[in-house]
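Structural characterization, general
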Amino acid sequence: RVRLGPLLAILLLPGIAASQDLEAARELYASGQIEEATRAFRVAGGELAATDPEGAAAALNNACVLATRLGQLELAREDCLRALELRRELSDLRGQARTSNNLALVEQTLGNYDGAEELYRAARRLNREIEDAEAEAINLLNLGVVANLRGRYGDALALYREAESLAASRGAEPGAAPQGVG
């Protein structure tokens, strides 16, 4: 007779601990401890990668968003790239779009406008594929910001108008939606 109870407990403990780390990261964020939350999301993302890749991708995406807010752009880039890789492996189109948009902001802030534009366009394609008009409109607005930063004011205006038109045709409102931590 084989007793699986202790074996199952041993196998489940790392996943349980990682889930607790993710919850602790959310609590740190909710209490305004942004630097600590950023580190906790990063740790949880690493711990969850083997057992819960979806949770790991979400945690790393959150670390990216918060690191960007803190000006830790190289760490933010690493977090987003790891999250994007996991979301591609999972074929999570919505997640890929969100993380691509977040990574684009990192690249934009670093002055890599070519990289930012490429990532915003990738996010837009994904959002069009999943029929998320509001997110697609936000991508258009972000592309307009990059065009404006490059001094291509006519292109920026055209992108802003396209975003407004798209949002109006689908009943959404374009706007600079904040990056979300969840």
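Predicted model, so just to flag it, every value in this text is computed and none were measured.

Here we look at the overall build of the protein chain
Across its full length, the protein chain carries 8 helices and 0 strands. Each helix and strand of the protein chain, placed in order from N terminus to C terminus, yields the pattern α-α-α-α-α-α-α-α. Considering only residue pairs separated by 6 or more positions, the protein chain has 53% of its internal contacts joining residues 24 or more positions apart. Surface exposure of the protein chain reaches about 9,900 Å², of which carbon and sulfur atoms provide 52%.

Focus: the state of the cysteines
Here the structure, examined in full by the defined rule, presents 1 disulfide. The disulfide that involves C64 links it to C80, with 2.0 Å between the sulfurs. Here the S-S torsion is close to -80 degrees, and the disulfide linking C64 with C80 is therefore left-handed. Placement of the pair is C64 in helix α3 (residues 53-69) and C80 in helix α4 (residues 73-89), with a sequence separation of 16 residues. By relative accessible area, C64 is classed as buried at 0%.

Re unusual backbone geometry
Negative phi values dominate among residues other than glycine, just as trans dominates among peptide bonds. For S91, which is not glycine, the phi dihedral falls at a positive 55 degrees. In this structure, S91 sits in the loop between α4 and α5 (93-109). Assessed through its relative accessible area of 55%, S91 is described here as exposed. Positioned with a positive phi, E131 is a non-glycine residue whose angle comes to about 60 degrees. By relative accessible area, E131 is classed as exposed at 67%.

Here's the deal with the packing of α4 against α5
The interhelical angle for the contact between α4 and α5, taken along N-to-C directions, is 160 degrees, at an axis separation of 9 Å. Relative to α5, α4 is oriented roughly antiparallel. As for how α4 packs across α5, the hand of that crossing is left-handed. Residues L73, A76, R77, C80, L81, A83, L84, R87 and R88 of α4 form the contact with α5, whose participating residues are G95, Q96, R98, T99, S100, N102, L103, V106, E107 and T109. Across the contact of α4 with α5, the residue classes tally to 8 nonpolar, 6 polar and 5 charged.

With respect to the pattern of salt bridges
In the structure shown here, the tally under the stated rule is 14 salt bridges. With a shortest N-O distance of 2.8 Å, R124 and E162 are connected by a salt bridge. Taken together, the positions of R124 in helix α6 (residues 113-129) and E162 in helix α8 (residues 153-170) put the pair 38 residues apart, joining distant regions of the chain. Here the salt bridges share partners, and the residues they tie into one network are D114, E117, R121, R150, R152 and D155.

Here we look at the environment of N139
Inspection of the secondary structure assignment puts N139 in helix α7 (residues 133-149). The class for N139 is buried, based on a relative accessible area of 2%. Put simply, N139 and A97 are 42 residues apart on the chain and 9.4 Å apart in space, counted from C-alpha to C-alpha.

A few points about the confidence of the model for the protein chain
For the protein chain, mean pLDDT is 88; residues scoring 70 or higher make up 84% of the total. The low-confidence segment residues 1-16, where pLDDT is below 50, has 1 contact with residues more than four positions distant or belonging to other chains.

Scoring rules and cut-offs
- Residues numbered from 1 in each chain as written.
- Predicted model: local features only at pLDDT ≥ 70, side-chain atom pairs only at ≥ 80, totals over all residues.
- Heavy atoms only, no water.
- Helix = DSSP H or I, 4+ residues; strand = E, 2+ residues; numbered from the N terminus.
- Contact = heavy atoms within 4.5 Å.
- Areas by Shrake-Rupley, 256 points an atom, 1.4 Å probe, with all protein chains shown as cover.
- Disulfide = S-S within 2.5 Å.
- Buried < 20%, exposed > 50% of the residue type's maximum accessible area, 1.4 Å probe, protein only.
- Axes fitted to C-alpha atoms, helices over the stretch in contact; angles between N-to-C directions.
- Parallel < 35°, antiparallel > 145°, perpendicular 65-115°, else oblique.
- Left-handed = near helix turned anticlockwise from the far one by under 90°.
- Nonpolar A, V, L, I, M, F, W, Y, C, P; charged D, E, K, R; others polar.
- Salt bridge = Lys/Arg side-chain N within 4 Å of Asp/Glu carboxyl O.
- pLDDT = per-residue confidence, 0-100.

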